[in-house]
Amino acid sequence: MSSIINLAHSVMGSPWIYLAVFVFVAIDAFFPTIPGETLVVTSGVFAATGHPDLFAVAAVAAAAGFAGDHVSYHIGRSAGGRLLDRTRPGSRRRKPFDWAQRALHTRGGSVLIVCRFIPGCRTAATLTTGSVRFPRASFALFTSIGVVCWATYFTLVGYVGGLAFQRNPLLGVLLGIGLAVLVAGVIEGVRHLRGRRVPTGTP
C-alpha cells in the first residue's frame, strides 16, 4: 500500500495521476493482483485537497474498468474453455467460475454489476460471459452500469477518508479501503447465505 501512496504523492499534482489510475484499473480487471482499487481510493483521498479532480478520477476509473472488463471478456471468448480446463473441478480456484456461469444462466447480465465489487468474482464473471458467448451489446450495457457504480463508490469512500483525515492521508486511505472491504464483505456474505438457502445448482 505504501508504494501506491508514494506513487500518488509523486504524480498527484499532474495529469499523470489520471494515466496511472487508468492503467492500474484496466489491468486490474483481468489481472486482479494489480491494486487498481487502492489507487482509486488513494486518489479520492487526495481529491479532498482539490488535486486531483474528484469527478475526473471517477470518470477515468469508470472508463478504465470498462476497457479492462472488455479485455477480460475477449480473453474468455477466445480462450475461456482452455482456461477452465486447467482448473480442477471443485477447487477453490474453479468455484468463482462455476458460480458465475450459474448466475449468468439464472440472473443474466445483472450479475456483472454485483461482481464488479468482488475482485475474484469480477474477473471470473467477465471471463465467463466471454466463454459462453454472452451478447456483446448486453455485456457492454451491464458492465457500463457496474463500472460507473464501482468507480463512484471507491472514489467517494476515498474522498470521505480524505475529508476525515486531511492532515494524515495514510489514515484516510486506510479508512477508505476499510469501507470498501466492508461493502465487498457484506456482498460476499449475502451471496454465500443465499447460496446455502437455494436448491443445488443455482447461485
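For the structure, check the block above.
Reading the values: the criteria
All residue numbers refer to position in the chain's written sequence, counted from 1. In view of the model being predicted, local features appear only for residues whose pLDDT reaches at least 70, and side-chain atom pairs are presented and counted only at 80 or more, with totals across whole chains, interfaces and linings using the full set of residues. The side-chain values count all of the structure's non-hydrogen atoms but skip hydrogen atoms and water molecules. Angles here are taken between N-to-C directions and fall from 0 to 180 degrees, while the axes themselves are lines fitted to C-alpha atoms, restricted in helices to the stretch in contact. Helix and strand labels come from DSSP, where a helix needs a run of H or I of at least four residues and a strand needs a run of E of at least two; each type is numbered from the N terminus. Just so you know how the angles are binned, under 35 degrees is roughly parallel, over 145 roughly antiparallel, 65 to 115 roughly perpendicular, and the rest oblique. Crossings are sorted by hand: turned counterclockwise from the far helix by less than a right angle, the near helix makes the crossing left-handed, and turned clockwise it makes it right-handed. In this description, contact between two residues means that some pair of their heavy atoms is separated by no more than 4.5 Å. Side-chain classes follow a simple rule in which Ala, Val, Leu, Ile, Met, Phe, Trp, Tyr, Cys and Pro form the nonpolar group, Asp, Glu, Lys and Arg form the charged group, and the remainder, Gly included, forms the polar group. Stacked, edge-to-face and tilted are the three classes for Phe, Tyr and Trp ring pairs, Trp counted by its six-membered ring, which pair at centre distances within 6.5 Å; planes under 30 degrees apart are stacked, over 60 edge-to-face, the rest tilted. Buried means the residue's accessible area, taken with a 1.4 Å probe over protein chains only, is under 20% of the maximum for its type, while exposed means over 50%, and partly exposed covers the values in between. Patches in this entry comprise residues that are over 30% relatively accessible and not in a salt bridge; like charges within 9 Å are linked, as are nonpolar side chains (Val, Leu, Ile, Met, Phe, Trp, Tyr) within 5 Å. Per-residue and other accessible areas were derived by the Shrake-Rupley procedure at a 1.4 Å probe size, with only the shown protein chains allowed to occlude residues. A pairing counts as a salt bridge when a side-chain nitrogen of Lys or Arg comes within 4 Å of a carboxyl oxygen of Asp or Glu. Throughout this description, the term nonpolar core refers to a set of buried Ala, Val, Leu, Ile, Met, Phe, Trp, Tyr and Cys residues connected via side-chain atoms within 4.5 Å. In the analysis that follows, any N or O atom pair within 3.5 Å is treated as a polar contact, provided that within protein one partner can donate a hydrogen and the other can accept it, and provided that, for residues neighboring in sequence, both atoms belong to side chains.

Trainee: Help me out: how do you make sense of the packing of helix 2 (residues 16-30) against helix 3 (residues 36-47) in this one?
Mentor: Helix packing for two helices is described by the angle between their axes and how far apart those axes are. At their nearest, the axes of helix 2 and helix 3 sit 8 Å apart, and the two run at 150° to each other. The angle between the axes of helix 2 and helix 3 places the two elements in the roughly antiparallel class. The hand of the helix 2/helix 3 crossing is left-handed. Each of Ile 17, Ala 20, Val 21, Phe 24, Val 25 and Asp 28 in helix 2 lies in contact with helix 3, whose residues at this interface are Gly 36, Glu 37, Leu 39, Val 40 and Ser 43. For the contact of helix 2 with helix 3, the class distribution of residues is seven nonpolar, two polar and two charged.

Trainee: Could you clarify how one ought to interpret the packing of aromatic side chains in this entry?
Mentor: The relation between two aromatic rings is expressed through the spacing of the ring centres and the mutual angle of the planes. One pass over the structure, following the stated rule, counts five aromatic pairs. Considering the side-chain rings of Phe 117 and Tyr 153, the 6.0 Å spacing of their centres and the 65° angle between planes classify their relative orientation as edge-to-face. One end of the pair, Phe 117, is in the loop between helix 6 (111-115) and helix 7 (119-131); the other, Tyr 153, is in helix 8 (residues 136-164), with 36 residues separating them in the sequence. Centroid distance Tyr 153 to Phe 154: 5.2 Å. Interplanar angle 80°. Geometry classified as edge-to-face. Here Tyr 153 and Phe 154 have matching classes, each one buried. Among the aromatic residues, those joined into a ring-pair cluster are Phe 117, Trp 150, Tyr 153 and Phe 154.

Trainee: Whenever I open this one, unusual backbone geometry confuses me. Can you help?
Mentor: Backbone phi values are negative for most residues with the exception of glycine, while trans is the configuration of most peptide bonds. For the peptide bond that leads from His 51 to Pro 52, omega is 0°, which places it in the cis range. Relative to the elements of secondary structure, Pro 52 occurs in the loop between helix 3 and helix 4 (54-85). Although it is not a glycine, Arg 133 sits at a positive phi angle of roughly 60°. Take Arg 133: it is sitting in the loop between helix 7 and helix 8. Since its relative accessible area comes to 49%, Arg 133 is described here as partly exposed.

Trainee: What am I meant to see in a nonpolar patch on the surface here?
Mentor: Judged by side-chain polarity, Val 160, Phe 165, Leu 171, Leu 174 and Leu 175 come together as a nonpolar surface patch covering roughly 370 Å² of accessible area. At three residues, the largest contribution of residues to the nonpolar patch is made by helix 9 (residues 169-197). Tracing the sequence through the fold places Phe 165 in the loop between helix 8 and helix 9.

Trainee: When you look at the nonpolar core in this model, what are you seeing that I'm missing?
Mentor: The tendency in soluble globular proteins is for nonpolar side chains to be buried as a group. Counting residues in each nonpolar core, the largest one holds 25 residues, and the members touching the most others are Ile 17, Val 21, Val 25, Val 40, Ala 61, Trp 150 and Phe 154. Secondary structure elements with two or more residues in this core: helix 2, helix 3, helix 4, helix 8 and helix 9. For this core, the element with the most residues is helix 8, which contributes six residues. Ignoring anything within four residues of it in the chain, the contact list for Ala 61 reads Val 21, Val 25, Val 40, Trp 150 and Ala 151. Grouped together as the second largest cluster of nonpolar side chains are 13 residues, Tyr 73, Ala 100, Leu 104 and Ala 125 included.

Trainee: Can you help me understand the packing of helix 3 against helix 8 in this one?
Mentor: Put simply, helix 3 and helix 8 touch, their axes get as near as 6 Å, and they point 45° apart. Looking at the two axes, helix 3 sits oblique to helix 8. In the packing of helix 3 onto helix 8, the handedness of the crossing is right-handed. Contact residues: helix 3 offers Glu 37, Val 40, Val 41, Gly 44, Val 45 and Ala 47, while helix 8 offers Trp 150, Phe 154, Thr 155, Val 157, Gly 158, Tyr 159 and Gly 162. A per-class count over the contact of helix 3 with helix 8 returns eight nonpolar, four polar and one charged.

Trainee: What exactly am I supposed to notice about the environment of Glu 37 here?
Mentor: By secondary structure assignment, the location of Glu 37 is in helix 3. Sequence-wise, Glu 37 and Ile 177 are 140 residues apart; in three dimensions their C-alpha atoms are separated by 8.4 Å. Excluding its chain neighbours within four sequence positions, the residues that come into contact with Glu 37 are Asp 28, Arg 116, Pro 119, Arg 122, Trp 150 and Phe 154. At 2.2 Å, the side chain of Glu 37 forms a polar contact with the side chain of Arg 122.

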